[in-house]
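# Descriptive structure summary
Residue strings, one per chain:
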Amino acid sequence: AYTFYSDIALTFAATLLAWYLFPDKLWLILLGVSFAILPDLLWFFNGKVAWLKPYFKFALWIQWAEKPWGWSLEILYSMIFVVVLIGLS
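Counting of residues starts from 1 at the beginning of each chain's written sequence and follows it residue by residue. Local features in this predicted model are restricted to residues whose pLDDT is 70 or higher, and side-chain atom pairs enter the listing and the counts only when it is 80 or higher, whereas totals over whole chains, interfaces and linings include all residues. Excluding hydrogens and water, the side-chain figures rest on all heavy atoms present in the structure.

This part is about the pattern of salt bridges. Pairs may arise between side chains of opposite charge once their charged atoms sit close together. Basic side-chain nitrogens of Lys or Arg form a salt bridge, by our definition, when they fall within 4 Å of a carboxyl oxygen of Asp or Glu. Evaluation of the coordinates by the stated rule reveals 1 salt bridge. Two residues, K25 and D24, come together in a salt bridge whose shortest N-O distance is 3.6 Å. Between buried and exposed lies partly exposed: a residue is buried under 20% and exposed over 50% of the maximum accessible area for its type, with that area taken using a 1.4 Å probe on protein chains only. Accessibility expressed as a relative area gives 40% for K25, which makes it partly exposed. Note on D24: relative accessible area 62%, which makes it exposed.

What follows is the structure, given as structure tokens:
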């Protein structure tokens, strides 16, 4: 649950930063955020929706090496993302 709430907070912060840097691209930002959070939201349906079974099999296959220390890579990616966004503004 902690990871889920921290992901929500970071997504919200990144969305606000992108909106601040590119106010004329709000709809494009919201579309990108929607597609970015969709895989996380789909996990609520794991085992409940039969036609999503191939998706969950694929998702588990590509996330085979998730480790507890993976958050450090996420922070690195986030810092790079922020630097790129600021550079583009």
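Attention now goes to the packing of helix α1 (residues 2-21) against helix α4 (residues 70-88). The convention used is that axes are lines fitted to C-alpha atoms, helices contributing only their stretch in contact, and that angles between N-to-C directions extend from 0 to 180 degrees. Comment: elements are numbered from the N terminus, with helices defined as DSSP H or I runs of at least four residues and strands as E runs of at least two. Direction vectors running N to C along α1 and α4 enclose 15°, while the axes themselves pass 10 Å from each other. Considered as vectors, α1 and α4 are oriented roughly parallel to each other. Regarding α1 and α4, the two cross each other, and that crossing is right-handed. Where α1 abuts α4, its residues A14, L17, A18 and L21 lie against F81, V82, L85 and I86. Classifying every residue of the contact of α1 with α4 by side-chain character gives 8 nonpolar, no polar and no charged. Any angle from 65 to 115 degrees is called roughly perpendicular, while one under 35 is roughly parallel, one over 145 is roughly antiparallel, and all others are oblique. Working rule for handedness: look at the near helix, and if it is turned counterclockwise from the far one by less than a right angle, call the crossing left-handed; if clockwise, right-handed. Should any heavy atoms of two residues lie within 4.5 Å, those residues are considered in contact. Lys, Arg, Asp and Glu make up the charged group, whereas Ala, Val, Leu, Ile, Met, Phe, Trp, Tyr, Cys and Pro make up the nonpolar group; the residues left over, Gly among them, are polar.

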